[in-house]
Amino acid sequence: MSLSFPSDFIWGTATAAYQIEGGARDIGRTPSIWDTFSHTPGKVENGDTGDTAADHINRRAEDVRLMADLGVNAYRFSVSWSRVQPIGRGPAVQRGLDFYRKLVDDLLERGIRPVLTLYHWDLPHDLETAGGWPVRETAFRFAEYARILGDALGDRVDRWVTLNEPWCSAFLGYASGVHAPGRTDPVLALKAAHHLNLGHGLATQALRTVLPRRAQVTVCHNATAVRARSQSPEDLDARRRIDALANRIFTGPMLAGAYPEDLFKDTARITDWSFVKADDPATINQPLDWLGINYYTPHLVSAATGAGADAARRDSHGHAHGAGEKSPWPGAESVTFHQPPGEVTEMGWSVDPTGLYDVLMRFTREAPDVPLVITENGAAYEDTPDAAGVVHDPDRIRFLHGHLSAAHRAMADGADVRGYFLWSLLDNFEWERGYGKRFGAVHVDYGTQARTPKSSARWYARLTETGVLPDPPA
């Protein structure tokens, strides 16, 4: 049976500044933490950096044409903070803003709605030198930056995202160290999580003072379906611990105005949370116009499992998030992660659309008045052009079909899902994995920067044109 989506459904695609732009020293840009991190030997596979990436800084118009060919009606992109505000404070560099003005104008000319993400992990290096996200002042600098962009682009951009996946910024950046800035201190990670939350609240307030009333503001979470390996009390408690750190540490204050008490208890041996000021939860708890959900794979966890538990925990530190020596789960280091059975992507991530269904239904129950948008979903596969230069990626099409089917089922069961953004438009710099993993609907030859739409791009274009989910390959 054909699955149809509403006529006003948002069909989009998404990227991030450091992953595609390049131009690391162009248009007034100064280093971000990802420039510093990627240029540090041993931090990124093959010594890759984002210096050139997909050269979007010079191929903006071509890339917007590719979006138009996909038939999308929305594009979620992020702004390079240090291209606009080089040291993370003070006046904007107009040359940097002009790049984004031109991008927005190009999108609007093609009938594509710009969805602007303020922060996708690329903190200006100068702010990290001053302490980074573990320091409270960074949240206020973020709000200042938000106001600058709201003033500059608010007349043309009416959809705004404060943070993309703050979990990654806090815990991969400051606990396991597999992401920039590469620090490995659980106290700093928990402080970073709080100040990212605070930055979201302050930035939302700042945006709403300068944006037109029609504008919408949200945040994007890599919401995780956390599952227990068994129904034993120990495994269920392991699930609770990981859920607190993966999800509720952010959704608690953002959606309900309070941190979960069990999180405080689980991490009491690490910190007393005195960095949370009395008024902070109310500041964080700003009304959201919708909630962005990024989904890729679920987690399967258990309590420690005997003789092999230490090795399993070491492996689990990298499950879906890079293989660091330190755990990204402060207060839950004893939890063991397991690889679910079944198909995996090139990232080693389990392919399980039921996790997306579960996440959408969870937020339907917990925040029934907040519409949902799937702001990232996609997969990395080994995409190689054939002799004729065609890139066939049937595995990606099956992945997308499965997850869109799960989203459709959630909508039928009451989830108010308003849109879907395919990750990603282009093959790009995949963080600590460098250029070895390809998520794009469009293949990029990094030697020539030639763009070649894959089979999945043509499949997605049929979907955006008709609103009817095409069949996957046999």
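You'll find the structure just up there.
Source: prediction; values computed, not measured.

Asker: Even after reading the chapter, I still don't get the sheet that holds strand β8 (residues 299-302), so can you show me in this structure?
Answerer: In spatial order, the strands read β6-β8-β9; together these three strands make up an open sheet with mixed pairing. Strand pairing shows two members of the sheet lacking a second neighbour, β6 (226-228) and β9 (336-338), which therefore form its edges. Each strand of the sheet is rotated relative to its neighbour by a mean of 40 degrees, with strand direction disregarded. Pairing of β8 with β9, which is carried by three bridges, proceeds in the antiparallel orientation. When the sheet's bridge partners are listed, V301 is paired in β9 with F337.

Asker: How should I be thinking about unusual backbone geometry in this particular structure?
Answerer: The general pattern is negative phi for most residues beyond glycine and trans for most peptide bonds. The peptide bond linking A180 to P181 adopts the cis configuration, its omega dihedral lying at 10 degrees. Mapped onto the secondary structure, P181 falls in the loop between α8 (166-174) and α9 (186-210). Cis geometry marks the peptide bond from W423 to S424; its omega dihedral reads 10 degrees. Its identity is not glycine, yet W121 carries a phi of approximately 85 degrees, on the positive side. With respect to the element layout, W121 can be found in the loop between β3 (113-119) and α6 (125-129). Positive phi values are uncommon outside glycine, yet W431 reaches one of about 50 degrees. By secondary structure assignment, the location of W431 is in the loop between β11 (417-423) and β12 (442-444). Residue class for W431 comes out buried when judged on its relative accessible area of 3%.

Asker: So what exactly am I meant to see when it comes to the nonpolar core here?
Answerer: Buried together is how nonpolar side chains tend to be arranged in soluble globular proteins. Residues W34, L118, L149, W160 and F171 are the most contacted members of the largest nonpolar core, which totals 147 residues. When sequence neighbours within four positions are dropped, the list of residues in contact with L149 reads V79, V84, L97, L116, L118, G154 and W160. Judged by nonpolar contacts, the second largest core, of five residues, contains A139, A143, L198 and L202.

Asker: How do you make sense of the environment of A387 when you look at a structure like this?
Answerer: Position of A387 among the secondary structure elements: in the loop between β10 (372-377) and α15 (394-412). What makes A387 exposed here is its relative accessible area of 90%. As for A387 and L207, which are separated by 180 residues in sequence, their C-alpha atoms are 50 Å apart.

Thresholds, definitions, all that
Residues numbered from 1 in each chain as written. Predicted model: local features only at pLDDT ≥ 70, side-chain atom pairs only at ≥ 80, totals over all residues. Heavy atoms only, no water. Pairing = 2+ DSSP bridges. Helix = DSSP H or I, 4+ residues; strand = E, 2+ residues; numbered from the N terminus. Axes fitted to C-alpha atoms, helices over the stretch in contact; angles between N-to-C directions. Buried < 20%, exposed > 50% of the residue type's maximum accessible area, 1.4 Å probe, protein only. Core = buried A, V, L, I, M, F, W, Y, C linked by side-chain atoms within 4.5 Å. Contact = heavy atoms within 4.5 Å.

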